[in-house]
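What the coordinates show
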Amino acid sequence: MARVSVILPVYNGASTIARALGSVFAQTFTDYEIVVVNDGSTDDTASALATFGDRIHVVSQPNRGLSAARNAGVGASSGELIAFIDDDDLWMPEKLARCVAILDQDPNCALAYTGAVRVDLSGTPTPNQNAQNDGVDSPTMAQMLARPWNVVPCQFVVRRTVFERCGGFDERFVSTCEDLYFLLMAREHGHFRGVPDALIRKTIRPLYPKALNREPQCDLFVRLVGERYGASAAGLIREFRRMRMKVMKHTARILMEEGRPKDARRCLARVIHYQPTSPKAYRRYLKTFLPTRMLHTASSTEDSEA
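Please read all numbers here as calculations on a predicted model, not as lab measurements. (Residues numbered from 1 in each chain as written. Predicted model: local features only at pLDDT ≥ 70, side-chain atom pairs only at ≥ 80, totals over all residues. Heavy atoms only, no water.)

A word on the overall build of the chain. For the chain, the helix and strand inventory stands at 13 helices and eight strands. In terms of overall size, the chain behaves like a compact globule, its C-alpha atoms giving a radius of gyration of 20 Å where 306 residues would be expected to give roughly 19 Å. Oriented by its inertia axes, the alpha-carbon framework of the chain measures out at about 65 × 45 × 35 Å. Residue burial in the chain is summarised as follows: out of 306 residues, 53% are buried. In the chain, the proportion of contacts linking residues at least 24 apart, taken out of those at least 6 apart, comes to 73%. If you sum the accessible surface of the chain, you get close to 13,600 Å²; carbon and sulfur atoms cover 53% of it. Measuring between centres, the 39 positive side-chain charges of the chain sit 7 Å from its 34 negative side-chain charges. (Helix = DSSP H or I, 4+ residues; strand = E, 2+ residues; numbered from the N terminus. Rg over C-alpha atoms; globule rule 2.2 N^0.38 Å. Buried < 20%, exposed > 50% of the residue type's maximum accessible area, 1.4 Å probe, protein only. Contact = heavy atoms within 4.5 Å. Areas by Shrake-Rupley, 256 points an atom, 1.4 Å probe, with all protein chains shown as cover. Lys, Arg positive; Asp, Glu negative; His and termini not counted. Charge placed at Lys NZ, Arg CZ, Asp CG, Glu CD.)

Moving on: the nonpolar core. Among the nonpolar cores identified, the biggest contains 58 residues, and Phe156, Phe182 and Phe221 are the most heavily contacted of them. The element that contributes the greatest number of residues to this core is helix 10 (residues 234–257), accounting for eight residues. Look past the residues within four positions of phenylalanine 221 in its chain and what remains in contact with it is Phe173, Cys177, Leu180, Tyr181, Leu184, Leu236 and Phe240. By size, the runner-up hydrophobic cluster in this structure holds 34 residues, among which are Tyr32, Val36, Phe52 and Ala112. (Core = buried A, V, L, I, M, F, W, Y, C linked by side-chain atoms within 4.5 Å.)

Opposite charge on two side chains permits them to pair, given that their charged atoms come into close proximity. Taken as a whole and assessed by the stated rule, the structure comprises 20 salt bridges. Residue arginine 244 pairs with glutamate 215 through a salt bridge whose shortest N-O separation is 2.7 Å. Taken as a pair, arginine 244 in helix 10 and glutamate 215 in helix 9 (residues 215–229) lie far apart in primary sequence, 29 residues in all. Look at glutamate 215 and you get buried, because its relative accessible area is 1%. The residue arginine 223 makes a salt bridge to glutamate 227 at a minimum N-O spacing of 3.1 Å. In this pair, arginine 223 and glutamate 227 both sit in helix 9, four residues apart, roughly one turn of the helix. You can call arginine 223 partly exposed: its relative accessible area is 42%. By relative accessible area, glutamate 227 is classed as exposed at 54%. (Salt bridge = Lys/Arg side-chain N within 4 Å of Asp/Glu carboxyl O.)

As structure tokens, this is what we get:
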């Protein structure tokens, strides 16, 4: 039985899966198994996976989303420790070794994690890449309930016992917030410890329409956190909503610059949801109805108001 189960969910990742798996094969820690969950891919993912033979175990299922795919992978695995990687992410060679060492040294540690560098589809670090390292500070529960703790699954290794106590990832979250909610529950079962080095390259995809489509799940996250943690989570909910508002404003600005006012309007409607008493929020929304020739001016004005 392998010590670590590496879980890799994939949906239409034929062009990226080999690089992700290659970064796992390159690990200095070698006592692991790899379970790939093909989550209903419609491209050549199955053929790409077949080339790896018995180096990986493949689970195939209809498309059910990230949470369900990760849970299925864990269910088909046996390691006492569980690590996650997505098909377009990369691990540095020491990632597993550094996390496993922490968990071996500290039996009361529920989860170990590393820093990460955010990159775009070309592999170029994004301007806000340091945001992905905000979580490297071994947070207390109070700190996690004060603001969003920005660590994603490819950064951490968690004990199977903790994963099972949490019930895995909540499958109501199909493509976002599952990590934030899981980490809150995991912190209830032990402390976290971090490696300050960036041992992950996390790929960030274009915001639209992904970010907007995820908004209903963001509303679900706010509701579930409020129900589970009550008033103690007021800071987290406030900062999470502020973060989402910034994402929607940024996305709308990009769409306006591209001459897509109808799409920008959908994002700005969510800004109003987050800022219902803000005159600026309504002005931004109304600008999307301006004639096309005035869009550039409106976008420039928006930049000065941001």
